Amino acid sequence: MLTSVPEHMALIDAGYRGIVQPDAPRIGGITPFLKFATIAAHHGLALAPHYAMEIHLHLAAAYPTEPWVEHFEWLAPLFDEQIEIRDGRIFVPQRPGLGFTLSDQMRAHTEDTVTFKA
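Scope of this entry: the structure provided in the associated data block. Fair warning: this is a prediction, and the values are worked out from it, not measured in the lab.

With respect to the pattern of salt bridges
Working step 1: Within the structure shown, the criterion is met by 4 salt bridges.
Working step 2: Of the charged contacts in the structure, one is a salt bridge between R107 and D80, with a shortest N-O distance of 3.9 Å. With R107 in helix α5 (residues 104-113) and D80 in the loop between α4 (53-61) and β3 (84-86), this pair connects stretches of sequence that are 27 residues apart.
Working step 3: The exposure class of R107 is partly exposed, given its relative accessible area of 36%.

Some points on the packing of aromatic side chains
Working step 1: Applying the stated rule across the entire model yields 4 aromatic pairs.
Working step 2: Considering the side-chain rings of Y51 and F72, the 5.6 Å spacing of their centres and the 50° angle between planes classify their relative orientation as tilted. Pair noted here: Y51 is in the loop between β2 (46-47) and α4 and F72 is in the loop between α4 and β3, with a separation of 21 residues, a long-range link.
Working step 3: Judged by its relative accessible area of 31%, Y51 is partly exposed.
Working step 4: Under the relative-accessibility criterion, F72 is labelled partly exposed at 25%.
Working step 5: For the ring pair F72 and W74, a centre distance of 5.6 Å and an interplane angle of 55° mean the geometry is tilted.
Working step 6: Sitting over the ring of F91, R86 keeps its end group 3.9 Å from the ring centre.

Definitions and limits used
Residues numbered from 1 in each chain as written. Predicted model: local features only at pLDDT ≥ 70, side-chain atom pairs only at ≥ 80, totals over all residues. Heavy atoms only, no water. Salt bridge = Lys/Arg side-chain N within 4 Å of Asp/Glu carboxyl O. Helix = DSSP H or I, 4+ residues; strand = E, 2+ residues; numbered from the N terminus. Buried < 20%, exposed > 50% of the residue type's maximum accessible area, 1.4 Å probe, protein only. Phe/Tyr/Trp six-rings, centres within 6.5 Å; stacked < 30°, edge-to-face > 60°. Lys NZ or Arg CZ within 6 Å of the ring centre and 35° of its normal.

These values are about where atoms sit, not about what they do.
Encoded structure:
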């Protein structure tokens with residue numbers, strides 16, 4: 001449940017050498033995630049991004065060693081597209097961006113809770 005790159009670094013500096021599970025939205029977005037992933041790879045740590053693989057799939061695929069990934073089927077209604085899983089592997093979509101779009105159900109929920117300005 002670490003919330004920043006410095007918190008993750010403190011864990012490594014304290015001698016942690018297990019599997020790290022950064023969460024891009026929690027640590028500040030894609031750029032901080034990639035920054036930390038570079039540091040984790042330098043230390044030879046295994047990577048298993050935390051939560052919402054629709055956000056992390058491309059990031060995990062960019063890691064220099066094969067990462068572990070989580071998949072929560074109950075998140076499927078949030079997206080129009082679904083993660084492709086075969087033979088115990090998740091495949092990176094070839095669609096633009098992260099490869100997933102929010103479903104109408106999720107958009108309706110988001111619009112009820114967040115105001116967007118154009």
